Amino acid sequence: MPGEYDQLLEATIEHLQQLKAHGTRFVTVDTAALKALTAPVAPAKAPAPRSLSAQAQTVAAAPAPVTPNTAAPVKERSVFAPAAGIPPEPVIEPLAPEAKPAAMAELRARASICVKCPSLVAARTQVVFGVGDVNAELMFVGEAPGADEDAQGEPFVGAAGQLLTKIIQTMGQSRETVYIGNILKCRPDMPPGASGNRKPTPAEMRTCIPYLHEQINIIRPRVMVALGATAVEGLFGKPIPITKQRGNWMTYRDIPVMPTFHPAYLLRNQAMSEKRKVWEDMLAVMERLGLEISEKQRGYFLRG
Ligand code: SF4
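Along every chain, residues carry numbers that run from 1 in the direction the sequence is written. Residue-level local features of this predicted model are given only where pLDDT is at least 70; pairs of side-chain atoms are given and counted only at 80 or more, and the full residue set underlies all totals for whole chains, interfaces and linings. Computation of side-chain values covers all heavy atoms of the structure but excludes hydrogens and water.

Draft legend 1. Region of the structure containing the pairing of strand β6 (residues 223-227). The element β6 is largely enclosed, with a buried count of five among its five residues. Partly exposed describes any residue whose relative accessible area lies between the buried limit of under 20% and the exposed limit of over 50%, with all areas from a 1.4 Å probe on protein chains only and scaled to the type maximum. Elements are defined by DSSP. Helices are runs of H or I of four residues or more, strands are runs of E of two residues or more, and each kind is numbered from the N terminus. Of the two faces of β6, the one carrying V223, V225 and L227 and the one carrying M224 and A226 are both buried. Should DSSP find at least two bridges between two strands, the strands are regarded as paired. Pairing of strand β4 (residues 138-142) with β6 involves four bridges; the strand directions are parallel. Its bridge partner being in β6, V141 is matched across the sheet by A226. In this sheet, strand β8 (residues 255-260) lies alongside β6 in parallel orientation, the contact comprising four bridges. What sits directly across from L227, in β8, is T260.

This is how it looks when you write it as structure tokens:
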């Protein structure tokens with residue numbers, strides 16, 4: 001329908017303007033997409049007015065105005081499925097390493113005053129944007145800030161965060177050499193008097209996920225780790241059982257993603273076998289990154 005086409009076009013224009021605002025200078029668009037962009041203009045050149053049904057047929061037949069780079073392998077595009085309501089992301093040229101800090105700072109400034117989720121805005125202490133190296137090769141993606149993160153303004157600083165920090169250090173890395181971000185930038189609000197944290201709703205994830213997409217576009221890590229089912233759902237736009245998917249590589253655009261258990265799960269389930277599963281996932285990540293792995297590292301949590 002023409003209305004849907006216009007909405008999609010407006011959403012695409014708005015998204016491109018956002019990319020430009022944070023420093024993106026080039027966007028890769030394939031030939032088919034360019035033809036699609038010009039297709040709606042062509043009927044205006046026709047001397048005689050056309051019937052509404054004929055116009056509707058033209059619009060319905062036109063492909064989406066902007067599509068991911070067709071030069072990328074098909075399997076990469078087919079794995080990535082943006083959640084409903086999120087405009088498709090164009091594949092953008094990687095930023096130069098020296099341009100990334102400014103682009104990330106601009107994005108952080110924009111996110112820090114975001115008021116798209118009124119109930120979360122009313123409850124939050126601050127927006128918890130992300131932490132680490134904007135040129136990191138490895139990026140961890142979690143679910144949402146909890147009470148500790150909301151208070152301190154940094155992701156993964158509570159008990160689960162301390163365990164994640166240990167895992168990162170055991171990999172021979174640090175919080176400064178990787179990047180850590182969340183699907184949601186604000187703590188999901190809790191009923192008055194309730195303690196603990198709650199899972200973000202699908203609507204909240206859809207609203208906030210564009211910020212994470214922009215973070216990933218800026219960093220362009222070589223490998224990502226999705227921590228828990230919610231992180232996988234937020235990244236890939238649909239629920240995927242983490243017990244079945246963990247340990248099996250996925251692809252977000254052209255970036256390999258290792259799904260694994262959330263550290264909070266390891267705090268609840270102290271079984272050595274579960275720790276070993278997560279550690280095996282991290283060994284796979286290290287191998288993918290070409291990091292040296294010692295015999296000691298290979299042997300962690302093998303007992304039990
Ligand atoms: S959760 Fe995300 S989209 Fe919602 S108010 Fe916070 S920063 Fe904005």
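Having seen the structure, we can now continue with the description.
Draft legend 2. Region of interest: the environment of T230. Turning to its location among the elements, T230 is positioned in helix α10 (residues 229-236). T230 gets classed as buried once you look at its relative accessible area, which sits at 7%. Taking C-alpha positions, T230 is 8.8 Å from I242, a pair spaced 12 residues apart along the chain. Contacts are residue-level and defined by heavy atoms, with any inter-residue pair within 4.5 Å sufficient. In this view, T230 contacts E143, I183, K199, P200 and M205; residues no more than four positions away in its chain are not counted. Only 3.1 Å separates the side chain of T230 from the side chain of E143, close enough to count as a polar contact. Whenever two N or O atoms come within 3.5 Å, that pair is a polar contact, provided that in protein one can donate a hydrogen and the other can accept it, and provided that, for residues adjacent in sequence, both atoms are side-chain atoms.

Draft legend 3. Spotlight on the site of the ligand. Any residue with a heavy atom positioned within 4 Å of a molecule or strand is treated as near that molecule or strand. In the region of the ligand, the neighbouring residues are C114, K116, C117, L120, V121, R124, L184, K185, C186, T207, C208 and Y211. Breaking the shell around the ligand down by element, the ones donating at least two residues are α6 (118-123) and α9 (202-219). Per-element tally for the shell around the ligand: the top contributor is α9, with three residues.

Draft legend 4. Just the environment of P256, in detail. You can see P256 is positioned in strand β8. You can call P256 buried: its relative accessible area is 11%. Here the alpha-carbon distance between P256 and V223, two residues 33 residues apart in the chain, equals 5.2 Å. In contact with P256, not counting residues within four places along its chain, are R222, V223, M224, W249, M250 and R288.

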